[in-house]
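Structural description and commentary
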Amino acid sequence: MDPKANTLPSQADQKLQQEFNQWAAAGRGDEMEDHHSDITDQTLALMDLQPADRILDLGCGTGWASRRMARVATKGEIVGLDVADEMLRRAEQASPAFKNIRYVWGSAEKIPAADNAFTKVLSVESFYYHADQGKALDELHRVIAPGGKIFILINLYKDNHYSLRWVAELKVAVQALSEAEYIALLKRHGFSGVEAHRIPDRSPTPETYSGKWFKNAEELRDFKRIGALLLIATKD
Ligand SMILES: C[S@@+](CC[C@H](N)C(=O)[O-])C[C@H]1O[C@@H](n2cnc3c(N)ncnc32)[C@H](O)[C@@H]1O
């Protein structure tokens, strides 16, 4: 990871970098592994990972999902891309045993990779932060090889109404689209075989909830029951 070797395309990306560097410094990168683990494992099971896969982990944070995939893609490569260099520093620190992971600093809207570089893309809880989602999809379409698949997993989308509360609370702008709007967007940007799945979070919910995102544990349980939105699409 070399922050000087690349540039961020927009002010929005620079804001994301600042915000998520702060999250990383506060230890929130590691917390996300707990929060996203169950829905990500269900997604990994659908990805049919192969030893030779070359996989982009878009918005990889501290790289825990990259490491899970690297244990399977032993003859391939995982590239963890993130706009927040502090997330990547922590990802590198946690990955000395993995020779098949590379962490790269940059934006989803200007992916530092060759055309057709990847067989699969995974993106966990990152896509709604991209200021220009269309540009990000054009980039994904460019870097994925023909026949390759993208897997975009998000908890913030219109059809899970609890998640819309986050829009006003987050310090950076986010996009809140519905499942139907995402399907149309993926098709407009050249993807085929577009599928939308709901992924309930099956992790245990504590009896009491004292955080700021839900009124009580019952709401949190309902949010998890409605589940994350997983978008899967193919490049022909
Ligand atoms: C909520 S965190 C999720 C991190 C990780 N996937 C996980 O589940 O632990 C969102 C991540 O996406 C990254 N991100 C947001 N917008 C991005 C963009 N336009 N390009 C690259 N990374 C981005 C952030 O820096 C942050 O690390």
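These numbers were taken from a predicted model, which means no experiment stands behind them. (Residues numbered from 1 in each chain as written. Predicted model: local features only at pLDDT ≥ 70, side-chain atom pairs only at ≥ 80, totals over all residues. Heavy atoms only, no water.)

1. Description of the overall build of the protein chain
- Counting its regular elements, the protein chain contains 8 helices and 7 strands.
- In terms of C-alpha radius of gyration, the protein chain reaches 17 Å, essentially the compact-globule figure of 18 Å for 236 residues.
- Judged by the C-alpha coordinates and their principal axes, the protein chain covers about 45 × 40 × 35 Å.
- Looking at the protein chain as a whole, 54% of its 236 residues are labelled buried.
- Restricting to contacts in the protein chain with at least 6 residues of sequence separation, those with at least 24 account for 73%.
- Approximately 10,800 Å² of the protein chain is accessible, and the part contributed by carbon and sulfur atoms is 50%.
- Of the charged side chains in the protein chain, 30 are positive and 34 negative, and the gap between their average positions amounts to 1 Å. (Helix = DSSP H or I, 4+ residues; strand = E, 2+ residues; numbered from the N terminus. Rg over C-alpha atoms; globule rule 2.2 N^0.38 Å. Buried < 20%, exposed > 50% of the residue type's maximum accessible area, 1.4 Å probe, protein only. Contact = heavy atoms within 4.5 Å. Areas by Shrake-Rupley, 256 points an atom, 1.4 Å probe, with all protein chains shown as cover. Lys, Arg positive; Asp, Glu negative; His and termini not counted. Charge placed at Lys NZ, Arg CZ, Asp CG, Glu CD.)

2. Some remarks on the environment of Tyr129
- Mapped onto the elements of the fold, Tyr129 is located in the loop between β4 (118–124) and α5 (133–143).
- By relative accessible area, which is 8% here, Tyr129 ends up buried.
- Those residues in contact with Tyr129, other than ones at most four positions away along the chain, are Leu16, Phe20, Trp23, Leu170, Val172, Ala173 and Val174.

3. What to know about the packing of aromatic side chains
- According to the stated counting rule, one finds 9 aromatic pairs in the structure shown.
- One aromatic cluster is present, built from ring pairs that chain together Tyr162, Trp166, Tyr209, Trp213, Phe214 and Phe223. (Phe/Tyr/Trp six-rings, centres within 6.5 Å; stacked < 30°, edge-to-face > 60°.)

4. Regarding the site of the ligand
- Taken together, 21 residues surround the ligand, and among them His36, Gly59, Trp64, Asp82 and Ser126 come closest.
- Within the side chain of Asp13, one N or O atom sits 3.4 Å away from a nitrogen atom of the ligand.
- Interatomic distance of 2.7 Å between a side-chain N/O atom of His36 and an oxygen atom of the ligand.
- Alone, the ligand offers 600 Å² of accessible surface; in the complex the protein occludes 99% of this.
- Counting only elements with at least two residues in the shell around the ligand, the list comes to α1 (11–25) and α2 (28–46).
- Per-element accounting of the shell around the ligand gives the leading share, 3 residues, to α1.
- Within the shell around the ligand, the residues separate by chemical class into 11 nonpolar, 7 polar and 3 charged. (Near = heavy atom within 4 Å. Polar contact = N/O pair within 3.5 Å; in protein donor to acceptor, adjacent residues only side chain to side chain. Nonpolar A, V, L, I, M, F, W, Y, C, P; charged D, E, K, R; others polar.)

5. Focus on the nonpolar core
- In terms of nonpolar packing, the biggest core is built from 75 residues, with Leu56, Tyr129, Leu137, Leu140, Ile150, Tyr182 and Phe191 touching the most fellow members.
- For Leu137, the residues in contact, after removing those within four places along its chain, are Phe127, Ile150, Ile152, Leu185, Leu186, His189 and Phe191. (Core = buried A, V, L, I, M, F, W, Y, C linked by side-chain atoms within 4.5 Å.)

6. Considerations on the pairing of strand β7 (residues 228–234)
- Across the 7 residues of β7, 7 count as buried, placing the element largely inside the fold.
- Both strand β5 (residues 144–154) and β7 contribute to a ladder of 6 bridges, which runs antiparallel. The residue of β7 that forms the bridge with Ile152 is Leu231.
- Here strand β6 (residues 192–199) pairs with β7 via 6 bridges, running antiparallel. (Pairing = 2+ DSSP bridges.)

7. Things to note about the side chain of Arg68
- Tracing the backbone shows Arg68 in helix α3 (residues 64–70).
- There is a polar contact of 3.0 Å between the side chain of Arg68 and the side chain of Ser37.

8. Overview of the pairing of strand β2 (residues 77–82)
- With 5 of 6 residues buried, β2 is to be regarded as a mostly interior element.
- Inspection of the sheet shows strand β1 (residues 54–58) paired to β2 by 5 bridges, in the parallel sense. Within the sheet, the bridge partner assigned to Arg54 lies in β2 and is Glu77.
- On the question of chirality, the crossover connecting β1 to the parallel β2 by way of α3 is right-handed.
- As defined by bridge partners, β2 adjoins strand β3 (residues 101–105) across 5 bridges and the pair is classed as parallel. By the bridge assignment, Asp82 is partnered in β3 with Trp105. (Right-handed = clockwise from strand over helix to strand, strands pointing away.)

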